[in-house]
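Given next are the chains, with one letter for each unit.
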Amino acid sequence: MAYADQQMSGNRVTAIVIVALIHIVVGYALVTGLAYSAAKQILKKVTTVDIKDEVKPPPPPPPPPKDTAPPPPIVAPPPPMNISVAPPSIQTVSVAPPPAPAPVLAPPAAPAPPAPRFTPVGAQPKGRPAEWVTTEDYPSRALRENATGTTGFRLSIGPDGRVNGCEITSSSGNDELDKATCKYASSRARFAPAKDGEGQPTTGSYSSRVKWVIPKD
C-alpha cells in the first residue's frame, strides 16, 4: 500500500474512533441528564470534523504593519512677553553755559581837534535891516489886489560881505511880495563878512522876515 493510502486510512480510523467516543459521551450525557441542546451543539461541532484527505495549507502571514507617521515634534510654548514696556528714564544733564565772549575793545577815540585860536562869527549886517524893504517898495499890482503877508528870506553872503543869493523860506501868499523882498534886500543889504576859526573872512548867511502891510494915505 502506498504511503498516501496509509495516511488516509489512518485518518479514517482516527475519525471513526472520535465518532465512537462522541457517541459514548452523548449517551453518557443523556444518562446523566445533561441538556439535550448542549449535547446537540457538541455533536454538531464534532461531526463537522474535516476529514478531507488533503491537509490545509497554513494561513498566509499577516501583512506588515503600515508605516505610521512619526508624531509631530514637541514645540515648547513661546516665553511670555511683557507688552507694557516701561518708558526709558530720561536723565537730565546739566551743561555749563558757554563762556561769555571777550569784550570787544573799542578803538581809541580820535584826538580832539585843537581849540580854535579865534571864535568863528557869522556875517553881521551893516546899518538898519528894517530900511532894506519899506512900504514904499510895495508892488503896484499887489497894492491894487490889497495883498498882504509876511515873507521869510535867507541871504547868502560872500567873504567880501556882499549878498550873492536870496532864498524865500516862507511865502507871504503873494508872488509879487516875495519877489520884491529878495530884490530889495539883495540890493540894499551890506554885511561884515563871517570869519572862521583862524579869523579869516569866509562865506555866511543871514535870515530875516519882511511884513507887508498896505500903507495908509
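Residues numbered from 1 in each chain as written. Predicted model: local features only at pLDDT ≥ 70, side-chain atom pairs only at ≥ 80, totals over all residues. Heavy atoms only, no water.

Describing the nonpolar core
Nonpolar side chains tend toward joint burial in soluble globular proteins.
Moving on, step 1. Ranked by internal contacts, the top residues of the largest apolar core, which has 19 residues, are Trp132, Val133, Leu155, Leu177, Ala189, Phe191 and Trp212.
Moving on, step 2. Ranked by residues supplied to this core, first place goes to helix H4 (residues 175-188) with 4 residues.
Moving on, step 3. Those residues in contact with alanine 189, other than ones at most four positions away along the chain, are Trp132, Leu155 and Val163. (Core = buried A, V, L, I, M, F, W, Y, C linked by side-chain atoms within 4.5 Å. Buried < 20%, exposed > 50% of the residue type's maximum accessible area, 1.4 Å probe, protein only. Helix = DSSP H or I, 4+ residues; strand = E, 2+ residues; numbered from the N terminus. Contact = heavy atoms within 4.5 Å.)

Section: H4
Moving on, step 1. Across its 14 residues, H4 extends 20 Å between first and last C-alpha, which sits within 8% of the 20 Å expected from 1.5 Å per residue.
Moving on, step 2. Of all the residues in H4, the buried ones are Leu177, Asp178, Ala180, Thr181, Cys182, Tyr184 and Ala185.
Moving on, step 3. Sitting at the head of H4, asparagine 174 places a side-chain oxygen 2.9 Å from the backbone nitrogen of glutamate 176. (Expected span 1.5 Å × (residues − 1). Polar contact = N/O pair within 3.5 Å; in protein donor to acceptor, adjacent residues only side chain to side chain.)

Topic: the state of the cysteines
Linking two cysteines covalently via their sulfur atoms produces the bond known as a disulfide.
Moving on, step 1. All told, the structure shown has 1 disulfide when counted by the stated rule.
Moving on, step 2. Across a sulfur-sulfur distance of 2.1 Å, cysteine 166 and cysteine 182 are joined as a disulfide pair. The sign of the S-S torsion, about -70 degrees, decides the handedness of the disulfide formed by cysteine 166 and cysteine 182: left-handed. Linking cysteine 166 in strand E3 (residues 163-170) with cysteine 182 in helix H4, this pair joins segments that are 16 residues apart in sequence.
Moving on, step 3. Given a relative accessible area of 27%, cysteine 166 falls into the partly exposed group.
Moving on, step 4. Assessed through its relative accessible area of 15%, cysteine 182 is described here as buried. (Disulfide = S-S within 2.5 Å.)

Some remarks on the sheet that holds strand E2 (residues 149-157)
Moving on, step 1. Spatially, E3-E2-E7 is the arrangement adopted by the 3 strands of the open sheet, whose pairing is antiparallel. The open sheet has two edge strands with one neighbour each: E3 and strand E7 (204-212). Going across the sheet, the axis of each strand differs from the next one's by a mean of 25 degrees, ignoring polarity.
Moving on, step 2. Bridge count for E2 against E3 is 6 bridges, and the pairing is antiparallel. Each bridged residue has a counterpart across the sheet, and for phenylalanine 153 the counterpart in E3 is isoleucine 168. (Pairing = 2+ DSSP bridges. Axes fitted to C-alpha atoms, helices over the stretch in contact; angles between N-to-C directions.)

Purely geometric numbers; function is a separate question.
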